[in-house]
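Chain by chain, the residues run as shown.
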Amino acid sequence: MKQFCVLFKGEMFVKRYQLLTHILFSCLLILPIFLSACGGKLGTIEHEDVDAQLLQAEKAIKLAREVNAPSLAFEEFEQAETYLDKAKEALNENNGIDALRFATQAITHAKIAQRKAVQNTMNAELNATILEKDALIVELRKDINTKKTEITGLENGVQQLRETEKEHLQTIRTLENEKQELSNARNVKEQKVTELSESLKSLQANAARLEGDVRNYGLQVKELSRKLEVAETMAKSASKQKRASVAEAESLRKQLREQAKIYTDMLEKAKKQNIAAEHQEYLRKTAEQARAYEKQLHSNEPKRTGRTSLSTQQINAGKAALNKWERAWNSKNVNAHFAFYSPNIAVNKIVTQESKENPSTINRTDFETALREMNAQSWQKAESFSEVEQESVIGTYRLSRLVAPAETEDDTALYDIWIREVWVHQVQGAWKIYRETWQIYENVPKL
């Protein structure tokens with residue numbers, strides 16, 4: 001409405017200006033006739049009157065020039081200067097009537113040029129005001145569209161949160177089922193361990209019995225060996241009993257071979273029984289240690305399903321957020337780096353020293369302190385890759401730094417390896433990191 005009023009006032013001004021211009025031109029046409037009539041009646045025109053008229057003409061042209069008439073009303077201003085020059089020529093020729101007429105026309109055209117310049121200036125200001133209002137309208141419409149877009153985004157975010165809630169509930173039910181299955185499997189394993197323990201006790205009893213038998217057969221072998229030595233001595237010392245002694249020695253050798261074979265078989269059997277029992281016990285202890293180590297190793301790792309609910313556009317947005325996060329790290333802008341984390345960030349830290357892992361969980365304050373210390377060191381990026389899991393985009397970054405260079409060709413340079421696994425998801429339109437895992441290997445060769 002305000003713009004309409006401005007336009008209406010501008011049009012009224014233009015109409016008034018056109019009417020005034022017509023009146024001035026009419027006066028311009030009538031004035032020479034009037035002057036001619038006066039000249040005929042009065043005879044001679046006074047020189048002072050012409051000088052006064054010329055002075056007024058110059059003053060009118062000066063006023064027109066002050067409002068930039070040479071540019072905004074070029075034709076009228078040029079005519080005013082032309083008539084002024086003609087008036088001065090007529091004055092030099094002592095033609096008072098023409099000098100007065102040309103001076104009057106110069107005044108008229110100068111005033112018209114002045115009014116046109118003023119009008120053009122006003123029109124330009126009005127146009128500028130209109131353009132400014134149009135720009136304001138465009139900006140307001142843009143703001144309205146932006147707000148509508150934000151509202152739509154928030155509505156979509158609410159819908160996504162509801163869908164995420166459903167997925168979390170489904171995940172909880174799945175985990176509960178898996179927990180029940182693991183509990184059942186644990187009961188089965190415990191039953192099997194009980195059975196194996198009973199079998200091991202039986203094997204240990206059999207091994208003890210076999211060891212007793214082996215000791216008895218060993219004594220029998222020794223006794224037979226002694227008898228063989230006596231028989232051989234008798235065969236050498238008594239020729240008349242030689243044949244009987246040889247026969248007895250041969251019989252004893254046969255018994256000795258049989259007893260030795262039995263003794264060897266018993267030893268082999270006992271050895272196998274002991275090996276089997278020890279092997280079963282070793283497997284049992286190793287399995288328990290492996291299960292404990294596996295449980296400790298993966299206790300802080302999130303479950304992977306290999307499925308995702310993110311669209312391609314969301315995945316690309318998550319990767320773009322990770323790229324900005326990485327650029328802030330590389331540029332040593334730690335504050336900008338922290339801006340990508342959610343307030344309740346959970347950080348798991350696993351430090352491996354001499355093949356021994358030391359897992360821990362650190363809070364936000366300790367995490368920021370540790371991250372600033374890490375950023376102050378000279379880490380080099382080895383590789384990175386990304387993947388998706390349910391509603392999250394996961395980035396894995398492998399960094400290394402030299403801690404002990406090789407002093408000779410036979411030495412091996414040692415490094416600290418730092419692997420960062422970052423989980424980011426969308427929170428009210430923004431991508432935030434809500435989980436991070438550090439795996440740090442100290443003083444290891446660079447692979």
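Residues numbered from 1 in each chain as written. Predicted model: local features only at pLDDT ≥ 70, side-chain atom pairs only at ≥ 80, totals over all residues. Heavy atoms only, no water.

A. Molecular detail of the packing of helix H2 (residues 47-66) against helix H4 (residues 74-92). For the pair H2 and H4, the least separation of the axes is 11 Å and the interaxial angle reads 160°. In terms of orientation, H2 lies roughly antiparallel with respect to H4. Two packed elements cross with a definite hand, and for H2 against H4 that hand is left-handed. Contacts from His-47, Val-50, Asp-51, Leu-54, Ala-57, Glu-58, Ile-61, Ala-64 and Arg-65 in H2 reach Phe-77, Ala-80, Glu-81, Leu-84, Ala-87, Lys-88 and Leu-91 in H4. Class assignment for the residues of the contact of H2 with H4 results in 10 nonpolar, one polar and five charged. (Axes fitted to C-alpha atoms, helices over the stretch in contact; angles between N-to-C directions. Helix = DSSP H or I, 4+ residues; strand = E, 2+ residues; numbered from the N terminus. Parallel < 35°, antiparallel > 145°, perpendicular 65-115°, else oblique. Left-handed = near helix turned anticlockwise from the far one by under 90°. Contact = heavy atoms within 4.5 Å. Nonpolar A, V, L, I, M, F, W, Y, C, P; charged D, E, K, R; others polar.)

B. Representation of helix H7 (residues 312-330) within the structure. Taking 1.5 Å of rise per residue, the 19 residues of H7 would be expected to cover 27 Å, and the 27 Å separating its terminal C-alpha atoms lies within 8% of that figure. Taken together, the buried positions of H7 are occupied by Gln-314, Ile-315, Gly-318, Ala-321, Leu-322, Trp-325, Glu-326, Ala-328 and Trp-329. End-on view of H7: buried residues confined to an arc of 160°, all on one side of the axis. Turned more than 90 degrees away from the buried face of H7 sit Thr-312, Gln-313, Arg-327 and Asn-330, all of them exposed. (Expected span 1.5 Å × (residues − 1). Buried < 20%, exposed > 50% of the residue type's maximum accessible area, 1.4 Å probe, protein only. Arc of directions from axis to C-beta.)

C. Quick look at unusual backbone geometry. Although it is not a glycine, Asn-68 adopts a positive phi angle of roughly 65°. You can see Asn-68 is positioned in the loop between H2 and helix H3 (69-72). Looking at Asn-68, the relative accessible area reads 39%, which means it is partly exposed.

D. Fine view of the pattern of salt bridges. Applying the stated criterion to the full structure yields 10 salt bridges. Measuring nitrogen to oxygen at the nearest pair gives 4.0 Å for the salt bridge that ties Lys-147 to Glu-150. Of the two residues, Lys-147 and Glu-150 both sit in helix H5 (residues 96-237), three residues apart, roughly one turn of that helix. Glu-368 is the partner of Arg-364 in a salt bridge, and the nearest nitrogen-oxygen pair spans 2.8 Å. Note that Arg-364 and Glu-368 are positioned in helix H9 (residues 364-375) at a spacing of four residues, about one turn of the helix. By relative accessible area, Arg-364 is classed as partly exposed at 22%. (Salt bridge = Lys/Arg side-chain N within 4 Å of Asp/Glu carboxyl O.)

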